[in-house]
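Remarks on the overall topology
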Amino acid sequence: MSLWRCRRYSGVVLLGVVLLLSGCAGNGDGLDEQGNPISSDTTAPDEPPPTDNVLTFTSMQETIFVPFCVCHVGAAAPLGLVLNSAATFALLVNTSSNEVPDLLRVAPGHPDDSYLVRKLEGGPDIVGFQMPPTELGEQHLPQETIDLVRGWIAAGAPNN
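Here goes a summary of the coordinates provided.

The rules we used
Residues numbered from 1 in each chain as written. Predicted model: local features only at pLDDT ≥ 70, side-chain atom pairs only at ≥ 80, totals over all residues. Heavy atoms only, no water. Axes fitted to C-alpha atoms, helices over the stretch in contact; angles between N-to-C directions. Helix = DSSP H or I, 4+ residues; strand = E, 2+ residues; numbered from the N terminus. Parallel < 35°, antiparallel > 145°, perpendicular 65-115°, else oblique. Left-handed = near helix turned anticlockwise from the far one by under 90°. Contact = heavy atoms within 4.5 Å. Phe/Tyr/Trp six-rings, centres within 6.5 Å; stacked < 30°, edge-to-face > 60°. Buried < 20%, exposed > 50% of the residue type's maximum accessible area, 1.4 Å probe, protein only. Core = buried A, V, L, I, M, F, W, Y, C linked by side-chain atoms within 4.5 Å.

Overview of the packing of helix H2 (residues 57–68) against helix H5 (residues 143–154)
- At a closest axis distance of 11 Å, the pairing of H2 and H5 adopts a crossing angle of 160 degrees. By the angle between their axes, H2 is roughly antiparallel relative to H5. The way H2 lies across H5 gives a crossing that is left-handed. Between H2 and H5, the residues in contact are Phe57, Met60 and Ile64 and Thr145, Val149 and Trp152, respectively.

Things to note about the packing of aromatic side chains
- By the definition in use, this model includes three aromatic pairs.
- Ring geometry for Phe57 against Phe89: centres 5.3 Å apart, planes inclined by 85 degrees, an arrangement best described as edge-to-face. On the criterion of sequence distance, the pair formed by Phe57 in helix H2 and Phe89 in helix H3 (residues 88–92) is long-range, its members being 32 residues apart.
- Assessed through its relative accessible area of 4%, Phe57 is described here as buried.
- On the accessibility criterion, Phe89 (18% relative accessible area) is buried.

Looking at unusual backbone geometry
- Residue Pro132 is reached from Met131 by a cis peptide bond, and omega for that bond is -20 degrees.
- Of note, Pro132 is situated in the loop between helix H4 (115–121) and H5.
- Positioned with a positive phi, Asn94 is a non-glycine residue whose angle comes to about 60 degrees.
- Examined against the element boundaries, Asn94 turns out to sit in the loop between H3 and H4.

Considering the nonpolar core
- By size, the foremost hydrophobic cluster in this structure holds 23 residues, and its most contacted members are Met60, Ile64, Phe65, Leu92, Val106 and Trp152.
- Elements supplying a minimum of two residues to this core: H2, H3, H4 and H5.
- Ignoring any residue separated from it by four or fewer positions in sequence, one finds Met60 in contact with Leu55, Phe65, Val149 and Trp152.

See below:
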């Protein structure tokens, strides 16, 4: 191959690489602060779920626990309280709290006596932080979101 052809070929390859990389750069439109694609879902995770009726357990798990209770996901969840699995209901309802065993995590029909509500509100007799902990960079839930959890518990904490 002649020197001219080699330079021409390497110039074409370099131009192709530059074009390929510039196509990947983008301006960040459509990405969140962490560089992840913004979902087409119009409900942002920091907005409370709709308040028109009592949440089902499944919708509460999907709209509150999973997006807000990020520490309680997977095998490393504190005190074994995994909030994103099929076993979550059994881990919460009529189960004693590990931190305050005299209280149930969720006492059906009794939100004020449910340790979950106390942890979310920073109420009496909790151990550690109000959840989610601002000390770890999270934001506490707005009261209207906590009220949805209270409503589910007041309705008897149904498994629906």
